[in-house]
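A structural walkthrough
What follows is the residue order along each chain.
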There are 2 protein chains.
Amino acid sequence: MEGKSVAGRIHDANHRLTAAEKRAARGLLGSYPTLGLAPVAEFAQQSGASSATVLRFVSQLGYKSYPDFQRALRDELEERSKSPLQRSTANAGKAGGDEHFLDHFVTQAIGNLRGSAALIPASEFEDVCARLAEAKGACYLAGGRFTDFLAGYLEAHLRLIRPGVRRLDGRPATRGDQLIDVKAGDLAIIFDVRRYDESLVEVASELAARRAHIVLITDEWMSPVSRFAKLVLPCRTSLERTWDANGALFTLAEAIIARTTELSWATASKRMGSIERG
Amino acid sequence: MEGKSVAGRIHDANHRLTAAEKRAARGLLGSYPTLGLAPVAEFAQQSGASSATVLRFVSQLGYKSYPDFQRALRDELEERSKSPLQRSTANAGKAGGDEHFLDHFVTQAIGNLRGSAALIPASEFEDVCARLAEAKGACYLAGGRFTDFLAGYLEAHLRLIRPGVRRLDGRPATRGDQLIDVKAGDLAIIFDVRRYDESLVEVASELAARRAHIVLITDEWMSPVSRFAKLVLPCRTSLERTWDANGALFTLAEAIIARTTELSWATASKRMGSIERG
DNA sequence: TCAATGCTGAAATCAAAAATTCAGAGGGGG
DNA sequence: CCCCCTCTGAATTTTTGATTTCAGCATTGA
């Protein structure tokens, strides 16, 4: 228990934590470790809890005082900058493989998330959500080889909060049928990332011809679909590996879901209620 | 002068500093920025100067108080951990709505990611990837209402790197057919999050009866499937909103894909190559 | 529905750290 | 060699922030 990292202790104590204490934990993990180095009052305010709760949280972690906890954070920080690579050899218990893989991967994913948030103008994001919330006309969804699952995920949620949601599947044979009802002003959300899908360009061009309002969710290298899109939301996906990471697109989809729900709460909540019961 | 880094200010002010103040500067630079985040007394002791000198030093740098100086250090630290492409776009917005929604959402998602990394033992993660890479026996995938798309995403990638990957769909009618070939030692990966899917428990129990090795990817509240699982990878999903966020599960899936690819590179790369060409 | 338990944050208390003061040390110039 | 000026850190004061307390609130279980 003594020599454990702060993040590790949060893990251990997780089940003991009360609701407000978890808020504190989340806040800290969200901007780690800086928030913990701030005075209690600021920590409290930033994480949406009271000072008292933060103190209780820290004490749950096993520190006997707040300054004690801060010292632990500083030590960790110091440790990390001393030995960039070998830091968590401390808890390198038993598994033979690369202990840090998950940590390292998650760090990169976080970088992509932050990068994406910076890449996407707030106004465009808001615009998309507002259009979805208005629920005028239909909303079509499509994705490429892998991103089709993102489209599916988004569709499954949007169906709950508004009517007129359809997914376009990839089969060229049925494309005509699927697009036949598209009207001017309908919304279309297309996911497309590198190794871009040619058929999506065709779909997009068809949608554009029918005056649909196309939103493109893509990677930093920009799918060619952007040519037809009214709004483009680019995400960072880079990874020093075989594959790119689409986690940022996924989180963007979830953000859209959350924001749209919020914007259309009055109607969406009723709708969801009736679906529950039905 | 205002927006300058602390280290930069030290450089600029260097000639103005007295002997003892330089000792303080040297100490801070020596373990930057940690020492500056400590209380004055400790800073003083560690750097071999008195508290008063440290305070004078800080004031020379242009900060109006010690806490003010510490805040600058924390801000710097936070800034540094932010992504390569950053703030310029962040504050460029002009939309009327909730400017910070996406930023805020992303911050929470990051918290969930970090929390998940802390929650998942490296050994279990490695174990799952190693089993996948071995490619002995078949690998079944299943998910619930929303998480089915995660299962699909994982499946689409795993198919590229190893044989014997199947997805179990939700229809009870075909369940018998799907499970008929399950053999002892086969791998099964099940996704299940809150509002847990009852049918998944049944599937899991059937799989367990056939001695499959069940891996469960779930949220912090633990799907009841855990009863049958050999390995559980829990992720943080909490959000102060209507829905939980599954971004951490998604990223975990991507991490599994990346790690498994790495572990089985010799065989996987050939396989992927032939799929490309075929 | 109502008690009981436990969680929560506002306010009061208390401790610690930051700021200030000042006597004396050190060092350079006369 | 001595005086004067500047720098320095111990001691003191003041301010800030950590801790505790407690009344109200929510949640759970009967």
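Residues numbered from 1 in each chain as written. Chains lettered and ligands numbered in written order. Predicted model: local features only at pLDDT ≥ 70, side-chain atom pairs only at ≥ 80, totals over all residues. Heavy atoms only, no water.

1. Overview of the protein's contact with DNA strand C
- Around DNA strand C, a shell composed of 15 residues is seen, among which A:Thr18, A:Ala20, A:Thr53, B:Val40 and B:Ser65 lie nearest.
- Of what DNA strand C places within 4 Å of the protein, 67% of the atoms are sugar or phosphate.
- Contact distances for DNA strand C include 2.8 Å between a phosphate oxygen and a backbone N or O atom of A:Ala20.
- Between a phosphate oxygen of DNA strand C and a side-chain N or O atom of A:Ser50, the distance comes to 3.5 Å.
- Of all the secondary structure elements, the ones that give two or more residues to the surface near DNA strand C are α2 (19-30) and α5 (51-60) of chain A together with α4 (40-47) and α6 (66-81) of chain B.
- In terms of residue class, the surface near DNA strand C is built from nine nonpolar, four polar and two charged. (Near = heavy atom within 4 Å. Polar contact = N/O pair within 3.5 Å; in protein donor to acceptor, adjacent residues only side chain to side chain. Helix = DSSP H or I, 4+ residues; strand = E, 2+ residues; numbered from the N terminus. Nonpolar A, V, L, I, M, F, W, Y, C, P; charged D, E, K, R; others polar.)

2. A closer look at the sheet that holds strand β2 (residues 165-167) of chain A
All names here are of chain A.
- Taken in spatial order, the five strands of this open sheet run β2-β1-β3-β4-β5, and their pairing is parallel. Every interior strand has two partners, whereas the edge strands, β2 and β5 (231-235), have only one. Averaged over all adjacent pairs, the angle separating strand axes in this sheet is 15 degrees, with direction ignored.
- Of the pairings in the sheet, the one linking strand β4 (residues 213-219) to β5 comprises five bridges and is parallel in character. Of the residues in β5, the one forming a bridge with leucine 216 is valine 232. (Pairing = 2+ DSSP bridges. Axes fitted to C-alpha atoms, helices over the stretch in contact; angles between N-to-C directions.)

3. Thoughts on the interface of chain A and chain B
- Taken together, the contacts link 76 residues of chain A with 78 residues of chain B.
- Of the roughly 7,000 Å² buried between chain A and chain B, counting both surfaces, carbon and sulfur atoms make up 67%.
- Taken as a group, A:Arg114, A:Phe149 and A:Trp243 account for 11% of the area that chain A buries against chain B, more than any other trio of residues on that side.
- Put simply, chain A and chain B have four salt bridges between them.
- We note a salt bridge from B:Glu42 to A:Arg71, for which the minimum N-O separation is 2.9 Å.
- For the interface between chain A and chain B, the tally reads 13 residue pairs in polar contact (both at pLDDT 80 or more).
- Of all the elements, helix α7 (residues 101-119) of chain A adds the most residues to the side of chain A that touches chain B, at 14 residues. (Contact = heavy atoms within 4.5 Å. Buried area = accessible area lost by both parts, 1.4 Å probe. Salt bridge = Lys/Arg side-chain N within 4 Å of Asp/Glu carboxyl O.)

4. Let's talk about the protein's contact with DNA strand D
- If you check the shell around DNA strand D, you find 14 residues, and the closest are A:Val40, A:Ser65, B:Thr18, B:Ala20 and B:Thr53.
- In the environment of DNA strand D, a base nitrogen lies 3.1 Å from a nitrogen or oxygen atom belonging to the side chain of B:Arg56.
- Of all the secondary structure elements, the ones that give two or more residues to the surface near DNA strand D are α6 (66-82) of chain A together with α2 (19-30) and α5 (51-60) of chain B.
- A class-by-class count of the residues in the surface near DNA strand D yields eight nonpolar, four polar and two charged.

5. A look at the pattern of salt bridges
All names here are of chain A.
- The final tally for this structure, using the stated rule, is 24 salt bridges over all chains.
- Where glutamate 134 meets lysine 136, a salt bridge forms, and the shortest distance between an N and an O atom there is 3.6 Å.
- A cluster of three or more residues bridged by salt bridges with shared partners is formed by Asp148, Glu155, Arg159 and Arg167.

6. Some points on the confidence of the model for chain A
- Mean pLDDT over chain A: 85, with 89% of residues reaching 70 or higher.
- This stretch, residues 83-97 of chain A, has a pLDDT under 50; its non-local contacts, to residues over four places away or in other chains, come to nine contacts. (pLDDT = per-residue confidence, 0-100.)

7. Comments concerning the sheet that holds strand β3 (residues 187-192) of chain B
All names here are of chain B.
- Taking strand neighbours across the sheet as the criterion, the five strands line up as β2-β1-β3-β4-β5 in an open arrangement whose pairing is parallel. Only two strands of the sheet have a single neighbouring strand rather than two, namely β2 (165-167) and β5 (231-235). For this sheet, the mean inter-axis angle between neighbouring strands, taken without regard to orientation, is 15 degrees.
- On the sheet, helix α10 (residues 148-161) packs against β1 (139-142), β2 and β3 and is oriented at approximately 160 degrees with respect to β2.

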